[in-house]
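Close look at the chain arrangement
Below, each chain spelled out in residue letters.
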Amino acid sequence: MRALVIGGGGREHALAWKIAQSPLVEALLAAPGNPGIARHATCMPVAADALDGLVTLAKRERIDLTVVGPEAPLVAGLADRLTDAGLTVFGPGARAAAIEGSKAFAKDLMARHGIPTARFATFDAPARARRYCREVGTPLVVKADGLAAGKGAIVCRTLDEADAAVAECMELKAFGAAGTTVVVEEFLTGEEVSFFAFSNGHEALPLAAAEDHKPVFDGDQGPNTGGMGAHSPVGSFDTAMERRVMETIVRPAIAALAKEGAPYRGVLYVGLMLTADGPKVIEFNCRFGDPECQALMVRWPGDLVPQLLAAARGAAWPALAAWPTHASVCVALASGGYPGKYRTGLPIDGIEAAAAKPGIQVFHAGTALREGRLVTAGGRVLGVTALADDLSAAIQAAYDAVKEIRFEGMHYRTDIGRRRKP
Ligand code: AMP
Ligand code: GLY
């Protein structure tokens, strides 16, 4: 078969690396891809948000399976467009992708179906939102309803901060139209875990958990980023917890979407807080996490493509071997200054030496080729990913490989996988 991966970040490099290993796949394309993805796939210069161009490309190249990495094209209806063109796509249609595209939709769905989540209310008038903040009390979280590149959730310690967050979303329009509606919710405490399950429209397949590390500096200090690293599995997320999350959250959410005429086909990312009252949903996302995907793909048991196809086609799940007890760690190497301003075009050295070490994959995120030289081209540049017998061996292996890589201003956290528990 001929497969196409949409996107060009570290998540998509991990997906392309894994899909390229499948004996079912004879040709792999990526749009737009990146220099790392180009080692496994033919990269086509079509942006991940150019819906018309992507549909034309998939038809022209007679693609049998399109795998969509990022959320924006899914929320904008790429999967619907491909399906309408008679193509098979891994990733939900726009109505189901609204589980990420609209926090108000996701929260209402959870409320209607008794899925555990933070207490909340939705507002389109700032005065009402401010009044509700006083009712909930601090700390609380103000969230822009729509997609805001991971910056739309504002944790507020005081009512002054809450008032400012409401103003930022609704009056100053910091997130554009995404902030005209806000969700205000209670602050949850506990350990934060990302759990992933596939859905074929009506039935869920549990995968594995990973833990992201969002703040830019060690010890969870500094501003939030897209994710500075991840590890999998997560010690506190045992089989009993997985069963509980499947029964109280994942299956009810999949059933609710199917019942409401928006069957979910793809991967469901469940952002969880493991609270004293049990697991509660912080957010749903309609795609793999980045960098969680990198940590999951190196652990995935066997061929990924049969499960992608079953999800995309609404078919029964082919047998999936047990997940190995091996642990993985992905350490993001970022440009100095990220998530604020940073320079690009800086030469990168040492990737080959890092990748030659046992158990190491170096996934590209923000890289580019300039006159044949690999240079930095984004905030998160590379994801050095290690697979080893256990978490401490994976941490050791990942950081040993990181030492080989150099570019000016390179920044990374030194405590991925070693976070102190709350
Ligand atoms: P989100 O964009 O919804 O993933 O939120 C970004 C981050 O804000 C999450 O990863 C959490 O660390 C934090 N967060 C969001 N909602 C809550 C909540 N209700 N309670 C505590 N932390 C939250
Ligand atoms: N790592 C967080 C995300 O992908 O949303």
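This write-up is about the structure you can find in this document. (Residues numbered from 1 in each chain as written. Chains lettered and ligands numbered in written order. Predicted model: local features only at pLDDT ≥ 70, side-chain atom pairs only at ≥ 80, totals over all residues. Heavy atoms only, no water.)

1. Observations concerning the overall build of the protein
Operational definition: Secondary structure elements follow DSSP: runs of H or I of four or more residues count as helices, runs of E of two or more count as strands, with numbering from the N terminus. Note on method: radius of gyration uses C-alpha positions; expected globular size equals 2.2 Å times residues raised to 0.38. Throughout this description, buried means an accessible area under 20% of the type-specific maximum (1.4 Å probe, protein chains only), exposed means over 50%, and partly exposed covers the range between. Residue contacts are counted whenever heavy atoms from the two residues lie within 4.5 Å of one another. Surface accessibility in these figures is a Shrake-Rupley result with a 1.4 Å probe; residues are shielded only by whichever protein chains are displayed. Charge counting treats Lys and Arg as positive and Asp and Glu as negative, with His and both chain ends excluded. The location of each charge is read from NZ of Lys, CZ of Arg, CG of Asp or CD of Glu.
A tally of helices and strands in the protein yields 13 helices and 21 strands. Relative to a compact globule of 422 residues, whose C-alpha radius of gyration would be 22 Å, the protein shows 21 Å and is just as compact. For the protein, with 422 residues in total, the buried portion stands at 58%. Taking the intrachain contacts of the protein between residues at least 6 apart in sequence as the baseline, contacts between residues at least 24 apart amount to 67%. Taken as a whole, the protein presents about 16,800 Å² of accessible surface, with 52% of it coming from carbon and sulfur. Side chains of the protein carry 44 positive and 46 negative charges; the gap between the two charge centres is 1 Å.

2. A short note on helix α1 (residues 10–20)
Side chains of residues three or four places apart in an α-helix project in the same direction, reflecting 3.6 residues per turn. Burial analysis of α1 places 10 of its 11 residues in the buried class, which makes it a mostly covered element. Within α1 the residues assigned to the buried category are Gly10, Arg11, Glu12, His13, Ala14, Leu15, Ala16, Trp17, Lys18 and Ile19.

3. Remarks on the site of ligand 1
We count it as follows: One heavy atom within 4 Å of a molecule or strand is enough for the residue carrying it to be called near that molecule or strand. Pairing of N or O atoms within 3.5 Å defines a polar contact, subject to two protein rules: one partner must be a possible hydrogen donor and the other a possible acceptor, and residues neighboring in sequence count only if both atoms are side-chain atoms.
What surrounds ligand 1 is a group of 14 residues, the closest being Glu185, Leu188, Glu192, Lys214 and Glu283. One nitrogen or oxygen atom from the side chain of Glu185 is found 2.7 Å from a nitrogen atom belonging to ligand 1. Contact between ligand 1 and Lys214: an oxygen atom at 2.9 Å from a side-chain N or O atom of the residue. Protein chains bury 91% of the 480 Å² of accessible surface belonging to ligand 1 in isolation.

4. Focus: the packing of aromatic side chains
The criterion, for reference: Stacked, edge-to-face and tilted labels apply to pairs of Phe, Tyr and Trp rings (six-membered ring for Trp) whose centres lie within 6.5 Å, assigned for plane angles under 30 degrees, over 60, and everything in between, in that order. Each ring is checked for a lysine NZ or an arginine CZ that lies within 6 Å of its centre and within 35 degrees of its normal; such an atom marks a charge sitting over the ring.
Considering all chains together, one arrives at 12 aromatic pairs under this definition. Seen from their ring centres, Phe123 and Tyr132 are 5.4 Å apart, and the 45° between their planes marks the pair as tilted. Of the two residues, Phe123 and Tyr132, both sit in the buried class. Geometrically, the ring pair formed by Phe195 and Phe237 is stacked, given 5.2 Å between the ring centres and 25° between the ring planes. Within this pair, whereas Phe195 is found in strand β10 (residues 191–200), its partner Phe237 is found in the loop between β14 (229–232) and α9 (239–259), the two being separated by 42 residues in sequence. Chaining the aromatic ring pairs together yields one cluster made of Phe90, Phe196, Phe198, Tyr269, Phe288, Trp300, Trp317 and Trp323. The lysine or arginine in question, Arg157, covers the ring of Phe187, its NZ or CZ lying 5.1 Å from the ring centre.

5. Focus: the environment of Phe123
Here Phe123 is to be found in strand β6 (residues 120–123). Overall, Phe123 belongs to the buried group, its relative accessible area being 11%. Along the backbone, Phe123 and Thr180 are 57 residues apart, and their C-alpha atoms lie at a distance of 8.6 Å. Beyond its immediate sequence surroundings of up to four residues, Phe123 is in contact with Arg128, Ala129, Tyr132, Met170, Thr180, Thr181, Val182 and Val184.

6. Digging into the site of ligand 2
Stated formally: Under the scheme applied here, ten amino acids are nonpolar (Ala, Val, Leu, Ile, Met, Phe, Trp, Tyr, Cys and Pro), four are charged (Asp, Glu, Lys and Arg), and all others, including Gly, are polar.
Surrounding ligand 2, one finds Asp212, Lys214, Gly226, Tyr269, Asn285, Arg287, Gly289, Asp290, Pro291 and Glu292. In this structure, Glu292 approaches ligand 2 through a side-chain N or O atom, which is 2.8 Å from a nitrogen atom. Considered class by class, the residues forming the shell around ligand 2 number 2 nonpolar, 3 polar and 5 charged.

7. Observations regarding the pairing of strand β8 (residues 153–156)
We count it as follows: By definition, two strands form a pair when at least two bridges between them are found by DSSP.
Only one face of β8 is buried: it carries Ile154 and Cys156, and the other face, with Ala153 and Val155, is open. Summarising the sheet, strand β7 (residues 140–144) and β8 pair through 4 bridges and their orientation is antiparallel. Bridging across to β8, Leu140 finds its partner in Cys156.

8. Some points on the sheet that holds β10
Basically, it comes down to this: Note on method: axes are straight lines fitted to C-alpha atoms, helices fitted across the in-contact stretch only, with angles between N-to-C directions ranging 0 to 180 degrees.
With antiparallel pairing, 8 strands are arranged side by side in an open sheet as β16-β15-β10-β11-β14-β17-β21-β18. Edge strands, defined here as strands with exactly one partner in the open sheet, are β16 (278–285) and β18 (360–364). Direction aside, neighbouring strands of the sheet carry axes that sit 25° apart on average. In the sheet, strand β11 (residues 204–212) pairs with β14 via 2 bridges, with the strands oriented antiparallel. By the bridge assignment for β14, Glu211 is matched with His231. Its contacts with the sheet put α9 on β10, β11, β15 (265–275) and β16, and the angle it makes with β16 is roughly 45°.

9. What to know about the packing of helix α7 (residues 126–136) against helix α8 (residues 159–171)
So the rule is basically this: These descriptions rest on fixed angle ranges, namely under 35 degrees for roughly parallel, over 145 for roughly antiparallel, 65 to 115 for roughly perpendicular, and the rest for oblique. Here is the rule for handedness: rotate from the far helix to the near one, and if that takes an anticlockwise turn smaller than a right angle the crossing is left-handed, while a clockwise turn gives right-handed.
Two numbers describe how α7 lies on α8: the axes approach to 10 Å, and their chain directions differ by 155°. Between α7 and α8, the interaxial angle falls into the category roughly antiparallel. Once α7 is placed against α8, the crossing between them reads as right-handed. Touching Pro126, Ala129, Arg130, Cys133 and Arg134 of α7 are Leu159, Ala162, Asp163, Val166, Ala167, Met170 and Glu171, all from α8. Of the residues contributing to the contact of α7 with α8, the split by class is 8 nonpolar, no polar and 4 charged.

10. Considerations on the nonpolar core
Considering soluble globular proteins, one finds that nonpolar side chains tend to be buried as a cluster. Operational definition: Definition used in this section: a nonpolar core is a set of buried Ala, Val, Leu, Ile, Met, Phe, Trp, Tyr and Cys residues joined via side-chain atoms within 4.5 Å.
Residues Phe195, Phe237, Val250, Val270 and Phe284 are the most contacted members of the largest nonpolar core, which totals 52 residues. Considering each element in turn, this core owes the most residues, 9 residues, to α9. The residues contacting Val250, other than those within four sequence positions of it, are Phe195, Ala197, Ala204, Val245, Leu268 and Val270. Core analysis: the next-biggest nonpolar cluster, separate from the first, contains 39 residues, Val25, Ala208, Ala311 and Phe363 among them.

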